[in-house]
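Now for the letters of each chain:
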Amino acid sequence: MSDSVAFSHMHPVDDPKWTDAEVIEASWEDSARFRVIFERYYPQIRGYLIRRAGFEIGSEAAADTFVEAFQSRKRYDLSYPSAKPWLFGIATNLLRNHFRREATSKRLTVADDTPTSDFADDVAWRADAERLVQESGLLGAISALRQEERDVLFLYAFGDLTYEEIGDALTIPTGTVRSRLSRLRKKLRRSLRTALEGGET
């Protein structure tokens, strides 16, 4: 039976005492067991992606995340008991690729002298931030963040990941995550203070 056929006829959820790594390893021989990973993490992944990109794109990206994870499960590093950072890393990369494709498509149809990276950032931050901070005074500040800063910020704020898990998801050292979040807090606090002071004048 092919993986795709087996995946469509899932077994009941396995013992919750199994770690994600144990479930994924078992799925190498019995692909239906991967359903456990889907059931454990799909709501979190989907919620994170919808918050970043809206319902339609987020829901599609969530499905794609688990398709990609399923197809690449035999390359999973079994030294990581939790698959959560791995899945959030896949989800973030899929979203980043979506933003890049959208930016490229728009550049092909719109005459614009803005560099590609700046234009891609504009597309990305609209999907990332517009729905989240419209009334917080931080819209301009988030729009000015680099892509890697936004990824850390949103994984921390909406992915419910620890510093270590964010580092694993983005394949960066935990110390880098800590320093980026520290700088982001300072930036956003300054921006909020400025917005509040501006509102009082």
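Calculation rules
- Residues numbered from 1 in each chain as written.
- Predicted model: local features only at pLDDT ≥ 70, side-chain atom pairs only at ≥ 80, totals over all residues.
- Heavy atoms only, no water.
- 1 Å grid on protein atoms, 1.4 Å probe; cavity = no way out; pocket = protein on both sides within 12 Å on 5 of 7 lines; lining within 4 Å.
- Points joined across faces, edges and corners; volume = space filled by probe spheres on them.
- Helix = DSSP H or I, 4+ residues; strand = E, 2+ residues; numbered from the N terminus.
- Phe/Tyr/Trp six-rings, centres within 6.5 Å; stacked < 30°, edge-to-face > 60°.
- Buried < 20%, exposed > 50% of the residue type's maximum accessible area, 1.4 Å probe, protein only.
- Lys NZ or Arg CZ within 6 Å of the ring centre and 35° of its normal.
- Core = buried A, V, L, I, M, F, W, Y, C linked by side-chain atoms within 4.5 Å.
- Contact = heavy atoms within 4.5 Å.
- Expected span 1.5 Å × (residues − 1).
- Axes fitted to C-alpha atoms, helices over the stretch in contact; angles between N-to-C directions.
- Parallel < 35°, antiparallel > 145°, perpendicular 65-115°, else oblique.
- Left-handed = near helix turned anticlockwise from the far one by under 90°.
- Nonpolar A, V, L, I, M, F, W, Y, C, P; charged D, E, K, R; others polar.
- Polar contact = N/O pair within 3.5 Å; in protein donor to acceptor, adjacent residues only side chain to side chain.

Undergrad: Just checking my understanding: could you explain the layout of surface pockets for this structure?
TA: Regions of empty space are outlined by a rolling probe, equal in size to a water molecule, passed over the atoms. As a volume, the largest pocket reaches approximately 280 Å³. Mapped onto the lining of the largest pocket, the elements with two or more residues apiece are helix H5 (84–109) and helix H9 (163–170). Here the lining of the largest pocket gets 6 residues from one element, more than from any other, and that element is H5.

Undergrad: Please explain the packing of aromatic side chains as it appears in this structure.
TA: Pairs of aromatic rings are described using the distance from one ring centre to the other and the angle between the two planes. Applying the stated criterion to the full structure yields 8 aromatic pairs. When the ring of Phe34 is compared with that of Phe70, the centres are 5.5 Å apart and the planes differ by 65 degrees; the resulting orientation is edge-to-face. Highlighted residues: Phe34 in the loop between helix H2 (20–27) and helix H3 (35–53) and Phe70 in helix H4 (residues 55–71), separated in sequence by 36 residues. Residue Phe34 is classed as buried on the basis of its relative accessible area, which comes to 0%. Its relative accessible area of 7% is what places Phe70 among the buried residues. Taken together, a centroid distance of 5.2 Å and an interplanar angle of 75 degrees make the contact between Phe38 and Phe66 edge-to-face. A residue pair is termed long-range when its members are at least 10 positions apart, and Phe38 in helix H3 and Phe66 in helix H4 qualify at 28 residues. Judged by relative accessible area, which is 3%, Phe66 ranks as buried. Grouped by ring-pair contacts, the aromatic residues Phe38, Tyr42 and Phe66 constitute a single cluster. Of note, Arg73 hangs over the ring of Phe70, and the distance from its end group to the ring centre comes to 4.3 Å.

Undergrad: Whenever I open this one, the nonpolar core confuses me. Can you help?
TA: When a protein is soluble and globular, its nonpolar side chains tend to lie buried together. One finds Ile37, Ile45, Leu49, Leu87 and Leu155 to be the most contacted residues of the largest nonpolar core, which totals 42 residues. If you list the elements that add at least two residues to this core, you get H2, H3, H4, H5, helix H7 (139–143), helix H8 (147–158), H9 and helix H10 (174–200). Not counting residues up to four positions away in its chain, the partners in contact with Leu87 are Ile37, Tyr41, Ile45, Thr65, Phe66 and Ala69.

Undergrad: Mind showing me how you'd approach H4 here?
TA: Between the first and last C-alpha of H4 there are 24 Å, a value that for 17 residues agrees with the 24 Å anticipated at 1.5 Å per step. Those residues of H4 lying buried are Gly58, Ser59, Ala61, Ala62, Thr65, Phe66, Ala69 and Phe70.

Undergrad: Explanation requested: the packing of H3 against H8 in the structure shown.
TA: Packed helices, taken two at a time, are described by the angle between their axes plus the distance between the axes. Contact geometry for H3 and H8: axes closest at 10 Å, N-to-C directions at 130 degrees. In terms of orientation, H3 and H8 fall into the oblique class. Relative to H8, the crossing made by H3 is right-handed. Across from Tyr48, Arg51 and Arg52 in H3, the residues of H8 making contact are Gln147, Asp151, Phe154, Leu155 and Phe158. Among the residues making up the contact of H3 with H8, the classes are represented as 4 nonpolar, 1 polar and 3 charged.

Undergrad: Sorry if this is basic, but what is going on with the environment of Pro16 here?
TA: Checked against the element boundaries, Pro16 lands in the loop between helix H1 (3–7) and H2. We classify Pro16 as exposed; its relative accessible area is 71%. Pro16 sits 24 residues away from Arg40 along the chain, and the two C-alpha atoms are 9.4 Å apart.

Undergrad: Would you mind showing me how to read the environment of Tyr41 here?
TA: Inspection of the secondary structure assignment puts Tyr41 in helix H3. The class for Tyr41 is buried, based on a relative accessible area of 11%. A sequence separation of 43 residues divides Tyr41 from Lys84, and the C-alpha atoms of the two residues are 7.2 Å apart. Here Asp20 takes part through its side chain, which lies 2.5 Å from a polar atom of the side chain of Tyr41.

Undergrad: Help me out: how do you make sense of H2 in this one?
TA: Structurally, the α-helix is built with 3.6 residues per turn, so residues lying three or four positions apart point the same way. Of all 8 residues in H2, 6 are buried; the element is thus mostly enclosed. All buried positions along H2 are accounted for by Asp20, Ala21, Val23, Ile24, Ala26 and Ser27.

Undergrad: Would you take a moment to explain the packing of H2 against H3 for this structure?
TA: At a minimum axis distance of 9 Å, the contact between H2 and H3 shows a crossing angle of 145 degrees. Facing Asp20, Val23 and Ile24 of H2, the residues of H3 in contact are Val36, Ile37, Arg40 and Tyr41. Of the residues assigned to the contact of H2 with H3, the class counts are 5 nonpolar, no polar and 2 charged.

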